[in-house]
Amino acid sequence: MTNDQAQSIPVDEIKYNSRGLVPAIAQDYLDGTVLMMAWMNRESLQKTLETGEAWYWSRSRQELWHKGATSGHIQKVKSLRYDCDSDCLLITIEQIGDIACHTGERSCFHRVDNQIIPPPADTLSQVFQVICDRRDNPTEASYTSKLFAGGDNKILKKIGEESAEVVMACKDDNPEDIANEAADLFYHTMVALAHHKVDLRAVYQKLQQRRR
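Report follows, based on the coordinates. Worth saying up front: this structure is predicted, and the values here are computed from it rather than measured.

Reading the values: the criteria
- Residues numbered from 1 in each chain as written.
- Predicted model: local features only at pLDDT ≥ 70, side-chain atom pairs only at ≥ 80, totals over all residues.
- Heavy atoms only, no water.
- Patch = residues over 30% accessible without salt bridge, like charges linked within 9 Å, V, L, I, M, F, W, Y side chains within 5 Å.
- Areas by Shrake-Rupley, 256 points an atom, 1.4 Å probe, with all protein chains shown as cover.
- Salt bridge = Lys/Arg side-chain N within 4 Å of Asp/Glu carboxyl O.
- Lys, Arg positive; Asp, Glu negative; His and termini not counted.
- Charge placed at Lys NZ, Arg CZ, Asp CG, Glu CD.
- Helix = DSSP H or I, 4+ residues; strand = E, 2+ residues; numbered from the N terminus.
- Pairing = 2+ DSSP bridges.
- Axes fitted to C-alpha atoms, helices over the stretch in contact; angles between N-to-C directions.
- Contact = heavy atoms within 4.5 Å.
- Core = buried A, V, L, I, M, F, W, Y, C linked by side-chain atoms within 4.5 Å.
- Buried < 20%, exposed > 50% of the residue type's maximum accessible area, 1.4 Å probe, protein only.
- Parallel < 35°, antiparallel > 145°, perpendicular 65-115°, else oblique.
- Left-handed = near helix turned anticlockwise from the far one by under 90°.
- Nonpolar A, V, L, I, M, F, W, Y, C, P; charged D, E, K, R; others polar.

### Section: a negative patch on the surface
And step 1. A surface patch of like charges, here negative, comprises Asp172, Asp173, Glu176 and Asp177.
And step 2. Topologically, Glu176 is positioned in helix α5 (residues 175–195).

What follows is the structure in structure tokens.
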């Protein structure tokens with residue numbers, strides 16, 4: 001986190017509750033997954049801004065809590081925002097070890113009807129997760145599984161076909177067709193990524209680097 005970003009958070013103007021606390025939501029900086037919610041006070045917020053790593057206030061221990069100091073699962077802060085009422089914080093982070101929850105799960109928000117289910121991320125990440133599942137647990141009726149069974153020849157042929165269809169849709173200047181063909185190209189490219197064991201997050205990281 002840069003000095004400019006740190007200076008943009010008015011620590012003294014944040015609206016803390018009667019206990020001097022403000023809720024802070026930690027979100028993965030690449031795919032937008034909500035990882036956890038904790039509390040900050042003025043001191044922990046200031047330390048977060050100064051160190052570039054997340055510090056919270058533990059209500060149970062009544063002390064400052066440097067996230068990951070014991071487990072090694074620290075949170076490197078990428079950006080920090082506050083809402084329109086200045087009474088809630090949103091922290092985008094790089095979660096070291098990809099574990100934010102004390103249970104060992106990636107996110108604290110992993111329970112649905114007493115089942116362990118990964119939390120939602122952006123659409124591409126969710127589709128990629130399904131693609132990887134089809135790779136690891138193939139089914140006869142799955143088109144994706146059939147692509148994996150065909151190997152590089154079949155997968156790469158489809159990428160070539162879909163690329164050409166994107167070009168043709170753009171030449172026809174039809175927004176609906178362009179979006180449809182681009183979606184097909186994204187999908188088949190992610191199949192190729194999964195086939196070669198390249199994580200979608202690696203692509204996101206490359207885009208983040210170029211964005212700077």
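### Here we look at the sheet that holds strand β5 (residues 75–82)
And step 1. The strand order across the open sheet built from four strands is β2-β1-β6-β5, with neighbouring strands paired in mixed fashion. The sheet is open, and its two edges are formed by β2 (34–40) and β5, each paired on a single side. Each neighbouring strand pair of the sheet contributes to a mean axis angle of 25°, computed without reference to strand direction.
And step 2. When strand β1 (residues 22–28) meets β2, the two strands line up antiparallel, connected through six bridges. Residue pairing across strands places Ala24 opposite Ala38, the latter belonging to β2.
And step 3. Sheet contacts for helix α2 (residues 42–51): β2, β5 and β6 (89–95); angle to β5, the most-contacted strand, approximately 120°.

### Concerning the nonpolar core
And step 1. Counting residues in each nonpolar core, the largest one holds 20 residues, and the members touching the most others are Met40, Leu45, Tyr56, Leu80, Leu89 and Ile91.
And step 2. Secondary structure elements with two or more residues in this core: β1, β2, α2, β5 and β6.
And step 3. Here this core gets four residues from one element, more than from any other, and that element is β2.
And step 4. Apart from residues no more than four positions distant in its own chain, Ile91 is found in contact with Ala24, Ile25, Ala26, Gln27, Met40, Tyr56, Val77, Ser79 and Leu80.
And step 5. In this structure, Leu30, Phe128, Val191 and Tyr204 belong to the second largest nonpolar core, which totals 19 residues.

### Concerning the packing of helix α4 (residues 143–172) against α5
And step 1. Where α4 contacts α5, the axes come no closer than 8 Å and their chain directions differ by 150°. Classed by the angle they form, the pair α4 and α5 counts as roughly antiparallel. The two elements α4 and α5 meet at a crossing, and its hand is left-handed.
And step 2. Partitioned by chemical class, the residues of the contact of α4 with α5 number 15 nonpolar, six polar and seven charged.

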